[in-house]
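Take a look at the letters that make up each chain.
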Amino acid sequence: MKKPEKTQVLKIRGAKVDDYFVCLPLLTALYHGDIGSDFRRTFEDFVESEHGIVLVAENTKVLGVLVGGYHLDIDWEGKTAKIDALIVDEPYRKQGIGTELVRHFLAEAKKQGCKAAKSRVNTENFVAQEFHKTLGFTKAKTYEYFLDFVHPR
Ligand SMILES: CC(C)(COP(=O)(O)OP(=O)(O)OC[C@H]1O[C@@H](n2cnc3c(N)ncnc32)[C@H](O)[C@@H]1OP(=O)(O)O)[C@@H](O)C(=O)NCCC(=O)NCCS
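Now for a quick tour of the structure. Just so it is clear, the model here is predicted, and its values are computed rather than measured.

1. Side note on the site of the ligand
Step number 1: Inspection of the region around the ligand gives 19 residues, with R93, G98, T99, F131 and T134 positioned closest.
Step number 2: Per element, the largest residue contribution to the shell around the ligand is five residues, and it comes from helix α4 (residues 126-134).
Step number 3: Tallied by class, residues from the shell around the ligand come to nine nonpolar, seven polar and three charged.

2. Considering the sheet that holds strand β4 (residues 78-88)
Step number 1: Taken in spatial order, the five strands line up as β1-β2-β3-β4-β5 in an open sheet, and their pairing is mixed. A single partner strand is all that each edge strand has here, and the edge strands are β1 (11-14) and β5 (117-119). Averaged over all neighbouring strand pairs, the angle between strand axes comes to 25°, with direction disregarded.
Step number 2: Bridging between strand β2 (residues 52-58) and strand β3 (residues 62-73) involves seven bridges; their strand directions are antiparallel.

3. Quick notes on the nonpolar core
Step number 1: Among the nonpolar cores identified, the biggest contains 26 residues, and V54, L55, V65, L66, L101 and F105 are the most heavily contacted of them.
Step number 2: Excluding anything up to four places from it in sequence, F105 contacts I53, L55, L66, G68, A81 and I83.

Criteria and thresholds
Residues numbered from 1 in each chain as written. Predicted model: local features only at pLDDT ≥ 70, side-chain atom pairs only at ≥ 80, totals over all residues. Near = placed C-beta within 6 Å. Helix = DSSP H or I, 4+ residues; strand = E, 2+ residues; numbered from the N terminus. Nonpolar A, V, L, I, M, F, W, Y, C, P; charged D, E, K, R; others polar. Pairing = 2+ DSSP bridges. Axes fitted to C-alpha atoms, helices over the stretch in contact; angles between N-to-C directions. Core = buried A, V, L, I, M, F, W, Y, C linked by C-beta atoms within 7 Å. Buried ≥ 20, exposed ≤ 12 C-beta atoms within 10 Å, placed from the backbone. Contact = placed C-beta atoms within 7 Å.

Okay, structure coming up:
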């Protein structure tokens, strides 16, 4: 099969609220279609809040999206950054686009005075695990717990 043309001029930029509909197909794929009624508002909050960031990778169209945020973190005695969502359009994977998005995110996190960056990866997502390892992330020895207030058990 012919490989898709390698991205010519890849640009990473901060998303605007208007980018919602160009990002939506990628985010819908990431969440396997599980996009709720508050998703758009939350996307816009990430774009507009000083505690959030949405980066898009594009040439003539959007090829990848990263959604992240900055939080106070007592463990780190300061601010840390967290990648909340990351996806590269399937035909454009393995061309360094995910790496570029994360590099920009990490550079911005350092500028914001963050002491570390975190990312959550599904235990069965071996590609994402390899990706994070390649970028220098270390696997944490912690579990993630949550209590669902919206759909309590
Ligand atoms: C994870 C993801 C964002 C990586 O994006 P990408 O643009 O393809 O990644 P890069 O090209 O920058 O890859 C960087 C490194 O990650 C690793 N990697 C990426 N894809 C890989 C694959 N399919 N198998 C093994 N390692 C892989 C490699 O070490 C690669 O370095 P190399 O190209 O020198 O071998 C992309 O696969 C994706 O969108 N997956 C679906 C959504 C998802 O799982 N998101 C992660 C949520 S945390």
